[in-house]
Amino acid sequence: MNPTASLQGAGLGLRRAMLPDLLTLDDRAVDFLEVAPDNWIGVGGTYGEGLARLAERFPLSCHGLSLSLGGPELLDHAFLRQIREFLDRYRVPLFSEHLSYCSDEGHLYDLIPMPFTDEAVRHIAGRIREVQDALGRRIAVENISYYAAPYQALSEIDFLRAVLDEADCDLLLDVNNLFVNAHNHGYDAADFLARVPAERVACLHVAGHYDEAPDLKIDTHGASVKPDVWSLLASAYRHLGTVPTLLERDFNLPPLAELLGEVDCIRELQSAARPLEVSHG
């Protein structure tokens, strides 16, 4: 299955608090919605009915939260079966998870970065292949934001490329995470972006962050997208093409009209990039 077969344009992350407003959306307001299946598996009642109604009108992508792809514990195959049933039920073309781990004898409620080593590449790639076999489809992994860097025998981009090759999976490139990491860890975001393998990129994420200090940015998903991140997204389209792109907002939710304004910003950048695709085609 082509992971972007029914995903295109600009999407919005679906949060439960937004459900009543989303149910009133015009069919052209967004091109797709993204949900975390961890938060929706087994949900019935008003919420379950609302999700089913939205899934009839908009393609869904799914972004996992708790598989702990890089973790030390065995993968939860009972949970993987539930995810597969959810993906099949809603005909989800793209499932993604974080290139990190979040459990060790219990859930850690944080995304812990992997050490950038060959051993870690082999470990996480093997687990990604196991997940792909269990789900019966390719998945995409997301580059996370991180603040305390574990041991780095490889650069972040070399580690990322090695995982994608070893696992034979796709990439969900979070442009805000790239911007935050580049600032916090002192590397050039443009150089990183230039080395991202375009053929692997299934989707992009864009979100807001918080400027904690001159040398520290925090990925919050709780604010509007900043101008420098919009600029980096435009650069991503020039390198990758107009990949389906999702606006993430997890808290401090503004009125839906404000979020839709940012979705329109994504569409405008995609429209501006399409003539370049044609001229280079």
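Calculation criteria
- Residues numbered from 1 in each chain as written.
- Predicted model: local features only at pLDDT ≥ 70, side-chain atom pairs only at ≥ 80, totals over all residues.
- Heavy atoms only, no water.
- Buried < 20%, exposed > 50% of the residue type's maximum accessible area, 1.4 Å probe, protein only.
- Helix = DSSP H or I, 4+ residues; strand = E, 2+ residues; numbered from the N terminus.
- Pairing = 2+ DSSP bridges.
- Core = buried A, V, L, I, M, F, W, Y, C linked by side-chain atoms within 4.5 Å.
- Contact = heavy atoms within 4.5 Å.
- pLDDT = per-residue confidence, 0-100.
- Phe/Tyr/Trp six-rings, centres within 6.5 Å; stacked < 30°, edge-to-face > 60°.

Q: Let's hear about the pairing of strand β9 (residues 201-206): which residues, and what values?
A: Counting buried residues in β9 gives six out of six residues, a clear majority hidden from the surface. For strand β8 (residues 170-174) and β9, the ladder comprises four bridges, and the chain directions are parallel. Opposite Asp174, over in β9, you have His205 as the bridge partner.

Q: Quick one: what's the story with the pairing of strand β11 (residues 216-219), residue by residue and with numbers?
A: Every second residue of β11 is oriented toward a common face, the buried set being Lys217 and Asp219 and the non-buried set Leu216 and Ile218. Here strand β10 (residues 209-213) pairs with β11 via four bridges, running antiparallel. Across the sheet, the residue bridging to His209 is Asp219, located in β11. In textbook terms, the turn of a hairpin is the stretch between consecutive antiparallel strands, and for β10 and β11 this stretch comprises two residues.

Q: Requested: an account of the environment of Val92, with residues and values cited.
A: Inspection of the secondary structure assignment puts Val92 in the loop between α3 (77-89) and β4 (95-98). Sequence-wise, Val92 and Glu268 are 176 residues apart; in three dimensions their C-alpha atoms are separated by 26 Å.

Q: Tell me about the nonpolar core, residues and numbers included.
A: For soluble globular proteins, the rule of thumb is that nonpolar side chains tend to be buried together. Within the largest apolar cluster, 78 residues are counted, with the highest numbers of intra-cluster contacts made by Leu12, Leu14, Ile128, Leu204 and Leu240. The contact partners of Leu14, leaving out residues within four places of it in the chain, are Leu19, Leu22, Leu33, Glu34, Val35, Trp40, Leu51 and Leu54. Leu7, Phe32, Ala202 and Cys203 belong to the second-largest nonpolar core, a separate cluster that totals eight residues.

Q: Run through unusual backbone geometry, naming residues and quoting values.
A: The phi angle at Arg91 is positive, at roughly 55°, despite the residue not being glycine. When you line up the elements, Arg91 lands in the loop between α3 and β4. At Asn252, a residue that is not glycine, the phi angle is positive and equals roughly 50°. Here Asn252 is to be found in the loop between β12 (245-247) and α9 (256-280).

Q: Outline the confidence of the model for the protein chain, supporting the account with residue identities and numerical values.
A: Counting all residues, the mean pLDDT for the protein chain is 92, and 93% of those residues have values of 70 or more. A low-confidence stretch, residues 1-5 stays under pLDDT 50, and its non-local contacts, those more than four residues away or across chains, total nine contacts.

Q: Lay out the environment of Val175 with the relevant residues and their values.
A: For Val175, the position within the fold is in helix α6 (residues 175-185). Of the residues examined, Val175 reaches a relative accessible area of 1% and is grouped as buried. C-alpha separation for the pair Val175 and Leu74, spaced 101 residues apart in sequence, amounts to 30 Å. Not counting residues up to four positions away in its chain, the partners in contact with Val175 are His205, Val229, Leu232, Leu233 and Ala236.

Q: I'd like a description of the packing of aromatic side chains, backed by residues and values.
A: Here a ring pair, both rings aromatic, is described through the centre-centre distance and the interplanar angle of the planes. All chains considered together, the criterion is met by four aromatic pairs. Measuring from ring centre to ring centre gives 5.8 Å for Phe116 and Tyr146, while their planes differ by 90°; the resulting arrangement is edge-to-face. Taken together, the positions of Phe116 in the loop between β6 (107-112) and α4 (118-135) and Tyr146 in the loop between β7 (140-142) and α5 (156-167) put the pair 30 residues apart, joining distant regions of the chain. Classification of Tyr146 as buried rests on a relative accessible area of 3%. Ring centres 5.6 Å apart and planes at 20° place the aromatic pair Tyr187 and Phe192 in the stacked group.

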